[in-house]
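# Working through the structure, step by step
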Amino acid sequence: KPAIEVREATFHYGSRQALNGLSFSIRQGAKVALMGPNGAGKSTLIALLNGLEQPSSGEVTIFGEPMSSSNAQLLRRRIGVVYQDPDDQIFSPTVGEDVAFGPRNLGLDETSVQQRVAEALHAVGLEGFDSRSPFELSYGQKRRVAIAGVLAMKPDVIVLDEPMAFLDPKSRDQLQQLLEAMHSDGLTVIVATHDVDFAAEWATDVLMMKEGKLLASGSPELLFEPE
Ligand code: ADP
Ligand code: ADP
């Protein structure tokens, strides 16, 4: 089964059409660069994958299960989304509390919650940050807290919206290593990005969107093909 299948999805904000018959599928274990100019519909697609919005028509399928308003909450556990701005995702007074929020919501016992927090903070290189305030961290560190919060849910797929934005070269390298590590752990990783060099170097699959549709998909070589 593909990890994600989108069939003929449309989506409107009022009279504005953001998705216009979008179709594609993503195999399990892929490293996907989701590309396209501003306004192409990437953020809207991510909102559908996260179950925050329902398509006006068409279908989104997660591991073979069609997503609907009634099962969105359950399927969302399998797809973790890291938003572009970590301040949209971080709201607890300490890093430890923030990362614990999701697993606690799943109803896990406190020992399991703390185990997941420790594992997730280790994965993102923030061991020992439990009692720090997330609001006094650097932007790159905040982004890693947001990623830890998603990893603590143990999703099968992780979607990151422009994770490289506003990071210095060193933090970008660290983040790219983190993406590799998540993939090695078995996650299907999807990154919305404008960065052609990163996509060429990192991705196994490229999805190019334009005007709410799929313009092209395939291996990163397609980034270098003439129009
Ligand atoms: P991208 O993430 O690729 O830049 P978006 O999904 O943000 O694309 O936007 C797709 C289209 O939908 C654009 O025309 C955008 O202006 C429009 N749009 C996005 N969000 C809203 C919104 N909340 N209200 C109205 N129009 C929106
Ligand atoms: P991105 O390309 O990452 O989506 P944008 O600058 O396009 O960034 O959008 C930033 C935010 O503004 C998003 O939450 C998007 O949904 C919203 N937005 C984008 N276009 C519009 C619009 N035309 N009307 C209202 N909100 C919009």
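About the cut-offs
- Residues numbered from 1 in each chain as written.
- Chains lettered and ligands numbered in written order.
- Predicted model: local features only at pLDDT ≥ 70, side-chain atom pairs only at ≥ 80, totals over all residues.
- Heavy atoms only, no water.
- Near = heavy atom within 4 Å.
- Polar contact = N/O pair within 3.5 Å; in protein donor to acceptor, adjacent residues only side chain to side chain.
- Areas by Shrake-Rupley, 256 points an atom, 1.4 Å probe, with all protein chains shown as cover.
- Pairing = 2+ DSSP bridges.
- Helix = DSSP H or I, 4+ residues; strand = E, 2+ residues; numbered from the N terminus.
- Expected span 1.5 Å × (residues − 1).
- Buried < 20%, exposed > 50% of the residue type's maximum accessible area, 1.4 Å probe, protein only.
- Contact = heavy atoms within 4.5 Å.
- Nonpolar A, V, L, I, M, F, W, Y, C, P; charged D, E, K, R; others polar.
- pLDDT = per-residue confidence, 0-100.
- Axes fitted to C-alpha atoms, helices over the stretch in contact; angles between N-to-C directions.
- Salt bridge = Lys/Arg side-chain N within 4 Å of Asp/Glu carboxyl O.

Residues in close proximity to ligand 2 include Asn 38, Ser 43 and Gln 84, which together make up its full environment. Between ligand 2 and the protein, one listed contact pairs an oxygen atom with a side-chain N or O atom of Ser 43 at 2.6 Å. Within the side chain of Gln 84, an N or O atom sits 2.8 Å from an oxygen atom of ligand 2. Taking 550 Å² as the accessible area of ligand 2 by itself, protein coverage stands at 28%.

The next point concerns the sheet that holds strand β2 (residues 16-26). On the basis of which strands lie adjacent, the open sheet formed by four strands has the order β2-β1-β4-β5 and antiparallel pairing. At either end of the open sheet lies a strand with only one pairing partner, and these are β2 and β5 (65-66). As paired strands, strand β1 (residues 4-13) and strand β4 (residues 57-62) are joined by five bridges and run antiparallel to one another. Note that in β4 the partner of Ile 4 across the bridge is Ile 62.

A rise of 1.5 Å per residue sets the reference length of helix α5 (residues 139-151), with its 13 residues, at 18 Å; its end C-alpha atoms lie 18 Å apart and thus fit the reference within 8%. The buried fraction of α5 amounts to ten of the 13 residues, a majority that puts the element mostly inside the structure. The complete set of buried residues in α5 reads Gly 140, Lys 142, Arg 143, Arg 144, Val 145, Ala 146, Ile 147, Ala 148, Val 150 and Leu 151. Against the buried residues of α5 lie β6 (79-82), α3 (95-105), α4 (110-123), β7 (157-161) and α6 (169-184).

It is worth spelling out the site of ligand 1 at this point. Looking at ligand 1, the residues that line it are Tyr 13, Arg 16, Ala 18, Pro 37, Asn 38, Gly 39, Ala 40, Gly 41, Lys 42, Ser 43 and Thr 44. At a separation of 2.9 Å, an oxygen atom of ligand 1 approaches a polar side-chain atom of Lys 42. In isolation ligand 1 offers 560 Å² of accessible surface; the protein chains occlude 64% of this area. Among the elements of the structure, β2 and α1 (42-49) are those that each provide at least two residues to the shell around ligand 1. Ranked by residues supplied to the shell around ligand 1, first place goes to α1 with three residues. Split into classes, the residues belonging to the shell around ligand 1 amount to four nonpolar, five polar and two charged.

This prediction gives the protein chain a mean pLDDT of 95; 100% of its residues lie at or above 70. Reported confidences for the modelled complex are a pTM of 0.90 and an ipTM of 0.72.

Attention now moves to the sheet that holds β7. Spatial strand order, β6-β7-β8-β3-β9-β10: six strands in an open sheet with mixed pairing. At either end of the open sheet lies a strand with only one pairing partner, and these are β6 and β10 (213-218). Between one strand axis and the next, the sheet turns through 20° on average, direction left out of account. Summarising the sheet, β6 and β7 pair through four bridges and their orientation is parallel.

Scanning the model with the defined rule gives eleven salt bridges in all. Here Arg 7 makes a salt bridge to Glu 59, at a shortest N to O gap of 2.5 Å. Of this pair, Arg 7 sits in strand β1 while Glu 59 sits in strand β4, and the two are 52 residues apart along the sequence. Since its relative accessible area comes to 38%, Arg 7 is described here as partly exposed. Here Glu 59 falls in the partly exposed class, since its relative accessible area comes to 27%. Within this structure, Glu 5, Arg 7 and Glu 59 form a network of salt bridges that share partners.

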